[in-house]
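Structure assessment
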Amino acid sequence: VNYYNETRKHYRVMPFLLKEYYNRWYLVVVLPESKEYRTMGLDRIEDLQIESETFTYRPRKSPKDLFKDIVGLMYSEGKVENVLLAADKYHAKYIESLPLHRSQRKVKEEGGKVYFRYRLIPNYEFRQKVLAMDSRATVIEPKSLADEFKKTIKEMLNNYN
């Protein structure tokens, strides 16, 4: 398949998986040269050209494995980490009713906080979901992820100075 996105960049791709996320459809493709995965929004595809050439591709990960350790669509070759998140009791009810990830486990309640454990790759979409909880949730572990959130929040605060 030949595909042009909104920036008019041309891609020759091998379609791998069709996936829905937040009521939008995406095409997960493999770039033939690098064997890299890319996710492309169907609504942003222009000038799609389907070729008669076929291909056989043996992926290093199955579609199920590609997304099992992440939130959303932005898969990562990063490492799976244990993440501990503390939320206030009010917001914890929301987290319990709509888990952030399939690995979510409630581990304890203490001092007005509810603690949730995740085993995942803390990708962009996971970080965005945590940031959307503003002051009602805090990353406790790993320290490197908590430090990344501190840096992001400081940068956000500078936008208001």
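Located above this text is the structure these notes cover.
Presented here is an overview of the structure given in this document.

A short note on the sheet that holds strand β4 (residues 24–30)
- Taken in spatial order, the three strands line up as β3-β4-β5 in an open sheet, and their pairing is antiparallel. Since the sheet does not close on itself, it has two edges, and those belong to β3 (14–21) and β5 (37–41), each with one partner. Between one strand axis and the next, the sheet turns through 25° on average, direction left out of account.
- The pairing of β4 with β5 spans five bridges and is classified as antiparallel. What sits directly across from Tyr26, in β5, is Gly41.

Observations concerning the sheet that holds strand β8 (residues 105–110)
- As summarised here, the arrangement of the four strands in space is β8-β9-β7-β10, forming an open sheet in which the pairing is antiparallel. At either end of the open sheet lies a strand with only one pairing partner, and these are β8 and β10 (137–141). Looking at each pair of strands side by side, their axes are set apart by 30° on average, direction ignored.
- Of the pairings in the sheet, the one linking strand β7 (residues 81–88) to β10 comprises four bridges and is antiparallel in character. Residue pairing across strands places Leu85 opposite Val139, the latter belonging to β10.

A look at the nonpolar core
- Membership of the largest hydrophobic core comes to 32 residues, with the highest contact counts inside it found for Leu85, Tyr118, Phe126 and Val139.
- In terms of residue count, strand β9 (residues 113–120) provides more of this core than any other element does, four residues in total.
- Core analysis: the next-biggest nonpolar cluster, separate from the first, contains seven residues, Val13, Leu27, Leu31 and Ile45 among them.

Some points on the side chain of Gln104
- Its place among the elements puts Gln104 in the loop between α2 (89–97) and β8.
- Among the residues examined, Gln104 registers a relative accessible area of 12% and is labelled buried.
- Within polar-contact distance, the side chain of Gln104 engages the backbone oxygen of Ile95 at 3.2 Å.
- Setting aside residues no more than four positions away along its own chain, Gln104 makes contact with Ile95, Glu96, Pro99, Phe116, Arg117 and Tyr118.

Here's the deal with the packing of aromatic side chains
- Inspection of the entire model under this criterion finds three aromatic pairs.
- Arranged with centres 5.2 Å apart and planes meeting at 50°, the rings of Phe16 and Tyr37 form a pair that is tilted. With Phe16 in strand β3 and Tyr37 in strand β5, this pair connects stretches of sequence that are 21 residues apart.
- Here the aromatic rings of Tyr21 and Tyr22 are separated by 4.8 Å at their centres, their planes lie at 80°, and the arrangement is edge-to-face.
- Residue class for Tyr21 comes out buried when judged on its relative accessible area of 18%.
- Using a relative accessible area of 56% as the deciding quantity, one classes Tyr22 as exposed.
- For the cation-ring pair, Lys19 lies above Phe67, with the distance from its terminal atom to the ring centre recorded as 4.7 Å.

Cut-offs applied
- Residues numbered from 1 in each chain as written.
- Predicted model: local features only at pLDDT ≥ 70, side-chain atom pairs only at ≥ 80, totals over all residues.
- Heavy atoms only, no water.
- Pairing = 2+ DSSP bridges.
- Helix = DSSP H or I, 4+ residues; strand = E, 2+ residues; numbered from the N terminus.
- Axes fitted to C-alpha atoms, helices over the stretch in contact; angles between N-to-C directions.
- Core = buried A, V, L, I, M, F, W, Y, C linked by side-chain atoms within 4.5 Å.
- Buried < 20%, exposed > 50% of the residue type's maximum accessible area, 1.4 Å probe, protein only.
- Polar contact = N/O pair within 3.5 Å; in protein donor to acceptor, adjacent residues only side chain to side chain.
- Contact = heavy atoms within 4.5 Å.
- Phe/Tyr/Trp six-rings, centres within 6.5 Å; stacked < 30°, edge-to-face > 60°.
- Lys NZ or Arg CZ within 6 Å of the ring centre and 35° of its normal.

All we've got here are geometric facts, nothing functional implied.
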